[in-house]
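Read off the chains here:
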Amino acid sequence: MPSQFAPLQNDTFIRALLRQPTDYTPLWLMRQAGRYLPEYNATRKRAGSFLGLAKNPDYATEVTLQPLDRFALDAAILFSDILTVPDAMGLGLYFADGEGPKFERPLRDEAAVMALRTPEPGSLQYVTDAVTQIRTELAGRVPLIGFSGSPWTLACYMVEGGGSSDYRTVKTMLYNRPDLMHHILRTNAAAVADYLNAQIDAGAQAVMIFDSWGGALADGAYQEFSLQYMHAIVQRLQREKDGVRIPCIVFTKGGGLWLDQIADIGADAVGLDWTVNLAQARSLVGDRVALQGNLDPVVLFSSPAQIRQEVAKVLQAFGPASPNHGHVFNLGHGISQFTPPESVSVLVEAVHRMSRDMRSGVHLPG
């Protein structure tokens, strides 16, 4: 790793996460490097497969930077997949045509669960190599976000063997054999903490934990089988590197019910899906955490005028900038592969312009 990266030129995203004053509301998009961009699809074709893309630092760097060359986004996010960790645990990740990710060896019995171990050192080197390469090629333009799936979300794929509509297999294990589920989650939490810290060592300037399937859990089960393990990870994270603060974001899709508890686990910011009212969320969390979100991704299929109106609603819901509060604009979940890139241009321009206007006392439309 280079002994020193280029100085950061735009730290608005980091400042917002740390609840420091900003000139405008910073913006990035979950899955911003992806299938909605024709240049991404061209690179993926050259790579030959999704895993060929994700496991090659040159390709991963290329697609991470592509949206930044198109749009004035305020952060880059490492191009990778949340399932790199269970793949490195030996579960045999593969992608079936039209079916998404699957595992050759899912955790279906006690022997398989008890044999689970954290990844061998070096097994995720391709990820940390990509982090360093991306950070170097960013040359300080914007910060780089590293990420991982949450222990529970990873467990869903590891037990189900792929995606699921009802999580029947993993939730049955949770209720029938909570001891086995906790073994998986403890192992995953240790692996995720090590993985995120390795990304920070390689150059990530912020990290995010994606709890994509936490909202599938019942109240009580969420706290026991998801939240406590994210808490354990946050406690183990490096929060400073070379004298610079490394913010941490946690995001549970469908987790609005538990926002108050999520805000207490020690992260710097909490991501929100589009079902949460930002004004109520801000009132609830106070100055404990910054908030990230939370435009419905489907808004990007509407007209430019409607996109601008919905942006104004989100900014007005969060309210005016004030000390000890921070807002990062984002979608409430990942951008759809069918999104017109032109809509993203409208979104980025609207967020930046309208949030500057709000700080100048200009009344937004709507």
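In what follows, the accompanying structure is described. Just so it is clear, the structure is predicted and the values come from calculations on it, not from any experiment.

Here we look at the overall build of the protein chain
Here is step 1: In terms of helices and strands, the protein chain carries 15 helices and eleven strands.
Here is step 2: Across its three principal axes, the protein chain shows a C-alpha extent of roughly 65 × 45 × 45 Å.
Here is step 3: In the protein chain, buried positions account for 57% of the 366 residues.
Here is step 4: Counting every atom, the protein chain has about 14700 Å² of accessible surface; 49% of that belongs to carbon and sulfur.
Here is step 5: The averaged location of the 37 negative side-chain charges in the protein chain is 2 Å from the averaged location of its 31 positive side-chain charges.

Things to note about the side chain of Thr153
Here is step 1: Its place among the elements puts Thr153 in helix 8 (residues 151-160).
Here is step 2: Polar contacts involving the side chain of Thr153 include one to the main-chain amide nitrogen of Trp213, which spans 3.1 Å.
Here is step 3: In contact with Thr153, not counting residues within four places along its chain, are Ile82, Phe210, Asp211, Ser212, Trp213 and Gly214.

As for the pattern of salt bridges
Here is step 1: In the structure shown here, the tally under the stated rule is 16 salt bridges.
Here is step 2: Residue Asp87 pairs with Lys55 through a salt bridge whose shortest N-O separation is 2.9 Å. With Asp87 in helix 5 (residues 84-91) and Lys55 in the loop between helix 3 (50-54) and helix 4 (57-70), this pair connects stretches of sequence that are 32 residues apart.
Here is step 3: Among the ionic contacts, a cluster of salt bridges with common partners joins Glu110, Arg177 and Asp179.

Observations concerning the packing of helix 9 (residues 168-176) against helix 10 (residues 178-202)
Here is step 1: Axis separation between helix 9 and helix 10 bottoms out at 5 Å; the angle between their running directions is 115°. Put simply, helix 9 runs roughly perpendicular to helix 10. Contact residues: helix 9 offers Val170, Met173, Leu174, Tyr175 and Asn176, while helix 10 offers Pro178, Leu180, Met181 and Ile184.
Here is step 2: When its residues are assigned to classes, the contact of helix 9 with helix 10 shows eight nonpolar, one polar and no charged.

Remarks on the sheet that holds strand 8 (residues 248-252)
Two pairing modes exist for strands in a sheet, parallel and antiparallel, and in both the strands are linked by backbone hydrogen bonds.
Here is step 1: Across the sheet, which stays open at both edges, the seven strands sit in the order 1-4-5-8-9-10-11 with parallel pairing between neighbours. Of all the strands in the sheet, the pair left with one neighbour each is strand 1 (76-77) and strand 11 (327-328).
Here is step 2: Looking at chain direction, strand 10 (residues 290-292) and strand 11 are connected through two bridges and run parallel. Bridge pairing in strand 11 places Leu291 opposite His327.

Quick word on the packing of aromatic side chains
Note on aromatic pairs: each is described by the distance of the centres and the angle between the planes.
Here is step 1: Under the criterion given, the structure shown has six aromatic pairs.
Here is step 2: Ring centres of Phe147 and Phe210 lie 5.7 Å apart, and the angle between their planes is 85°; on these two criteria the pair is classed as edge-to-face. Pair noted here: Phe147 is in strand 4 (residues 144-149) and Phe210 is in strand 5 (residues 206-211), with a separation of 63 residues, a long-range link. We note that Phe147, like Phe210, is buried.
Here is step 3: Taken together, the ring pairs connect Tyr40, Phe50, Phe79 and Phe95 into an aromatic cluster.

Some remarks on the pairing of strand 3 (residues 100-103)
Here is step 1: Inspection of the sheet shows strand 2 (residues 93-96) paired to strand 3 by four bridges, in the antiparallel sense. Bridge pairing in strand 3 links Ala96 to Gly100.
Here is step 2: Joining the antiparallel neighbours strand 2 and strand 3 is a turn of three residues, in which Gly98 adopts a positive phi near 70°.

Regarding a nonpolar patch on the surface
Here is step 1: Taken together, the side chains of Val298, Phe301 and Phe338 define a hydrophobic patch exposed on the protein surface, amounting to about 340 Å² of accessible area.
Here is step 2: Inspection of the secondary structure assignment puts Phe301 in the loop between strand 10 and helix 14 (304-318).
Here is step 3: Exposure remark for Phe301: the relative accessible area of 41% places this residue in the partly exposed category.

Cut-offs applied
Residues numbered from 1 in each chain as written. Predicted model: local features only at pLDDT ≥ 70, side-chain atom pairs only at ≥ 80, totals over all residues. Heavy atoms only, no water. Helix = DSSP H or I, 4+ residues; strand = E, 2+ residues; numbered from the N terminus. Buried < 20%, exposed > 50% of the residue type's maximum accessible area, 1.4 Å probe, protein only. Areas by Shrake-Rupley, 256 points an atom, 1.4 Å probe, with all protein chains shown as cover. Lys, Arg positive; Asp, Glu negative; His and termini not counted. Charge placed at Lys NZ, Arg CZ, Asp CG, Glu CD. Polar contact = N/O pair within 3.5 Å; in protein donor to acceptor, adjacent residues only side chain to side chain. Contact = heavy atoms within 4.5 Å. Salt bridge = Lys/Arg side-chain N within 4 Å of Asp/Glu carboxyl O. Axes fitted to C-alpha atoms, helices over the stretch in contact; angles between N-to-C directions. Parallel < 35°, antiparallel > 145°, perpendicular 65-115°, else oblique. Nonpolar A, V, L, I, M, F, W, Y, C, P; charged D, E, K, R; others polar. Pairing = 2+ DSSP bridges. Phe/Tyr/Trp six-rings, centres within 6.5 Å; stacked < 30°, edge-to-face > 60°. Patch = residues over 30% accessible without salt bridge, like charges linked within 9 Å, V, L, I, M, F, W, Y side chains within 5 Å.

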